Amino acid sequence: MRFDLFRVVVLSMMCFVFGTSGFAQGDAERRAAKLGLGMNLSYLDNFWKGTKEKHFSDFAKPEEAAKRQKMLADIAKAGFKTVRIPICFSAWMELKRPYEWDNPDALKMADSFIKWALDDGLNVVIDLHHPEFDRSVPEADNPERIVNLWVRIAERYKNTDPERVFFELRNEPHNITAEAWRWQAEQIIKNVREIAPKHTLIVGFHEWNGRKEMIESKPFDDPNIIYTFHYYAPFVFTHQGAGWAGDSMKDLRDIAFPYSADRKIKVPQSAKGTWTENQINDYKRDSDPKYMYAELKAAKDWSLKNKVPIFLGEFGSFSQYASMEDRCRHADTVYSALGKLDIPSAWWEWDGGFNMFDKGTDQISPCMRKAIDSYFAK
Ligand code: BGC
């Protein structure tokens, strides 16, 4: 009898510590479970709107920032729980040692975004976006500088609530080997940990936060990390007509989602012989909802195998040349898979070219709303 009682007590303690997932639920697990559905609010990442001579420091205008306050409130009202705020802090820090901040007004804007979002009850992901200015300023992505950026960002935000504010180390590392990125991330983690020991970090992998690259990688030593990846598959659908995604994408238009034999994609001249042409050839397979589910499940399997939480930080589709019906079917495919797999996420983006609104309005289109709701259908 006494032995049984002992067993019950030990078992209940184990359930409390390990939860139902079979492993200890740490801060990262618990906080990841609260991220739910999220949204990216772009603007503080738009470095290309600044001037290169000023290392883009002048790209964000304080007088334009205030209208984002309403957008943050609208994001919360629309039911999103988390906002990922991509910020090009790199533009506001000197290019050379001692790497002091050099644009206090811009930093105050970032502070306001974060405060407004928290006041609206949102969780906030502070995401270091484009620190390398797409390699247009050679010294910008010197690893020493990026580590220093994080020392300053962590100093600035160390007193925010670690239950609701997350630090994402670097958006879409690219033109960097797996090893070099791992080394850089380890340096950032070590430095940030000394300043902000309780905040959960969000870390992705090389090749643009690749899903495959995450699956092929090992987690870091720190237990308080959520791992992130981006999912813009199938790329020819999500980036049709997107000039910044390469010349071969720019002439793609009105692609059916999923594949339809009646609306077969014609390979434009600009895509002949390119990676895009291969993607078009694989489109029937790649746009099959079952195939996409399997891709997302593979990410979830990695998370379960390694006992670490994951977060899909960006997905969505460019609105300019795709019909809303096709975009909604695509969104539905991803959201319903995320719901079944219980993966928190952030749509790219609230008010830019990837928005969910009916054309010319700031209202989420009804079919997008249905797609979002498919997350809860399970
Ligand atoms: C980039 C944006 C781009 C989006 C989709 C983001 O990570 O910062 O500029 O629109 O990905 O391609």
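Cut-offs applied
Residues numbered from 1 in each chain as written. Predicted model: local features only at pLDDT ≥ 70, side-chain atom pairs only at ≥ 80, totals over all residues. Heavy atoms only, no water. Helix = DSSP H or I, 4+ residues; strand = E, 2+ residues; numbered from the N terminus. Rg over C-alpha atoms; globule rule 2.2 N^0.38 Å. Buried < 20%, exposed > 50% of the residue type's maximum accessible area, 1.4 Å probe, protein only. Contact = heavy atoms within 4.5 Å. Areas by Shrake-Rupley, 256 points an atom, 1.4 Å probe, with all protein chains shown as cover. Lys, Arg positive; Asp, Glu negative; His and termini not counted. Charge placed at Lys NZ, Arg CZ, Asp CG, Glu CD. Near = heavy atom within 4 Å. Polar contact = N/O pair within 3.5 Å; in protein donor to acceptor, adjacent residues only side chain to side chain. Nonpolar A, V, L, I, M, F, W, Y, C, P; charged D, E, K, R; others polar. Salt bridge = Lys/Arg side-chain N within 4 Å of Asp/Glu carboxyl O. Axes fitted to C-alpha atoms, helices over the stretch in contact; angles between N-to-C directions. Parallel < 35°, antiparallel > 145°, perpendicular 65-115°, else oblique. Left-handed = near helix turned anticlockwise from the far one by under 90°. pLDDT = per-residue confidence, 0-100. Core = buried A, V, L, I, M, F, W, Y, C linked by side-chain atoms within 4.5 Å. Pairing = 2+ DSSP bridges.

### Let's talk about the overall build of the chain
For the chain, the helix and strand inventory stands at 15 helices and 8 strands. Over its C-alpha atoms the chain spans a radius of gyration of 21 Å, differing by no more than 12% from the 21 Å that the globule rule assigns to 378 residues. Counting only C-alpha atoms and orienting by the principal axes, one finds that the chain spans roughly 80 × 55 × 40 Å. Across the 378 residues in the chain, those meeting the buried criterion constitute 54%. Sequence-distant contacts in the chain: of pairs separated by 6 or more residues, those separated by 24 or more amount to 74%. As presented, the chain carries roughly 17400 Å² of accessible surface, and 55% of it is formed by carbon and sulfur atoms. When the 53 basic and 55 acidic side-chain charges of the chain are each reduced to a single mean position, those positions are 3 Å apart.

### Thoughts on the site of the ligand
Trp48, His129, His130, Asn171, Glu172, Tyr232, His239, Trp244, Glu314, Trp348 and Phe354 make up every residue found near the ligand. The contact in question runs from an oxygen atom of the ligand to an N or O atom on the side chain of Trp244, over 3.2 Å. For the ligand, whose free accessible area comes to 310 Å², the fraction covered by protein is 87%. Residues belonging to the shell around the ligand are distributed by class as follows: 5 nonpolar, 4 polar and 2 charged.

### Here's the deal with the pattern of salt bridges
What the rule picks out here adds up to 31 salt bridges. Between Glu168 and Arg84 there is a salt bridge, and its shortest N-O distance comes to 2.9 Å. Of this pair, Glu168 sits in strand β4 (residues 165-168) while Arg84 sits in strand β2 (residues 82-87); the two residues are 84 residues apart in sequence, bridging distant segments of the chain. Linking Lys158 and Glu155 is a salt bridge whose minimum nitrogen-to-oxygen distance equals 3.0 Å.

### Some points on the packing of helix α6 (residues 143-157) against helix α7 (residues 178-195)
Relative to each other, α6 and α7 sit at 25°, their axes nearing to 9 Å. When the interaxial angle is binned, α6 and α7 end up roughly parallel. With respect to the hand of their crossing, α6 and α7 are arranged in right-handed fashion. Residues Pro143, Ile146, Val147, Trp150, Val151, Ala154 and Glu155 of α6 touch α7, and the partners they reach there are Trp183, Gln184, Gln187, Ile188, Asn191, Val192 and Ile195. Its residues assigned to classes, the contact of α6 with α7 shows 10 nonpolar, 3 polar and 1 charged.

### Things to note about the confidence of the model for the chain
Residue-level pLDDT values for the chain average 94, and 93% of them are 70 or greater. Per-residue pLDDT stays below 50 along residues 14-23; that stretch engages in 8 contacts with residues further than four places along the chain or on separate chains.

### Details of the nonpolar core
Phe80, Phe89, Trp92, Ile126, Tyr335 and Trp350 are the most contacted members of the largest nonpolar core, which has 104 residues in total. Take this core: its biggest share by element is 9 residues, from helix α5 (residues 104-119). Counting 9 residues, the second largest nonpolar core, distinct from the first, contains Ala28, Ala32, Leu35 and Ile226.

### Here we look at the side chain of Thr160
With respect to the helices and strands, the residue Thr160 is situated in the loop between α6 and β4. Side-chain polar atoms of Thr160 contact the side chain of His199, separated by 2.9 Å. The contact partners of Thr160, leaving out residues within four places of it in the chain, are Val165 and His199.

### Quick look at the packing of helix α14 (residues 324-341) against helix α15 (residues 366-377)
What describes two packed helices is the angle between their axes and the distance between those same axes. Their axes nearest at 7 Å, the elements α14 and α15 cross at an angle of 10°. Accordingly, the angle class assigned to the pair α14 and α15 is roughly parallel. Both α14 and α15 take part in a crossing whose hand is right-handed. Where α14 abuts α15, its residues Met324, Arg327, Cys328, Ala331, Asp332, Tyr335, Ser336, Leu338 and Gly339 lie against Cys367, Met368, Lys370, Ala371, Ile372, Ser374 and Tyr375. For the contact of α14 with α15, the residue count by class is 10 nonpolar, 3 polar and 3 charged.

### Section: the sheet that holds strand β3 (residues 123-128)
The strand order around the closed barrel built from 8 strands is β1-β2-β3-β4-β5-β6-β7-β8, with neighbouring strands paired in parallel fashion. Each strand axis lies, on average, 25° off the axis of its neighbour in the sheet, ignoring direction. In this structure, strand β6 (residues 225-230) lies alongside strand β7 (residues 310-315), joined through 4 bridges in parallel fashion. Looking at β7, one finds that Tyr227 is bridged to Ile310. Seen against the sheet, α7 touches β4, β5 (200-203) and β6 and runs at an angle of roughly 165° to β5.

### A short note on the side chain of Asn123
Locating Asn123 in the fold gives a position in strand β3. Judged by relative accessible area, which is 9%, Asn123 ranks as buried. Here the side chain of Asn123 touches Lys34 through a polar contact of 3.1 Å, landing on its backbone oxygen. If we skip the residues at most four places from it in the chain, Asn123 touches Lys34, Leu35, Lys81, Thr82, Val83, Glu163, Arg164 and Phe166.

### Some details on the environment of Glu314
By the secondary structure assignment, Glu314 is in strand β7. Placed 85 residues apart in sequence, Glu314 and Phe229 show a C-alpha to C-alpha distance of 7.5 Å. Setting aside residues up to four positions removed in sequence, Glu314 forms contacts with Asn40, Arg84, His129, Asn171, Glu172, Phe229, His230, Tyr231, Tyr232, Ala346 and Trp348. Among the polar contacts listed, one links the side chain of Glu314 to the side chain of Arg84, at a separation of 2.9 Å. One polar contact links Glu314 to Tyr232, side chain to side chain, over a distance of 2.7 Å.

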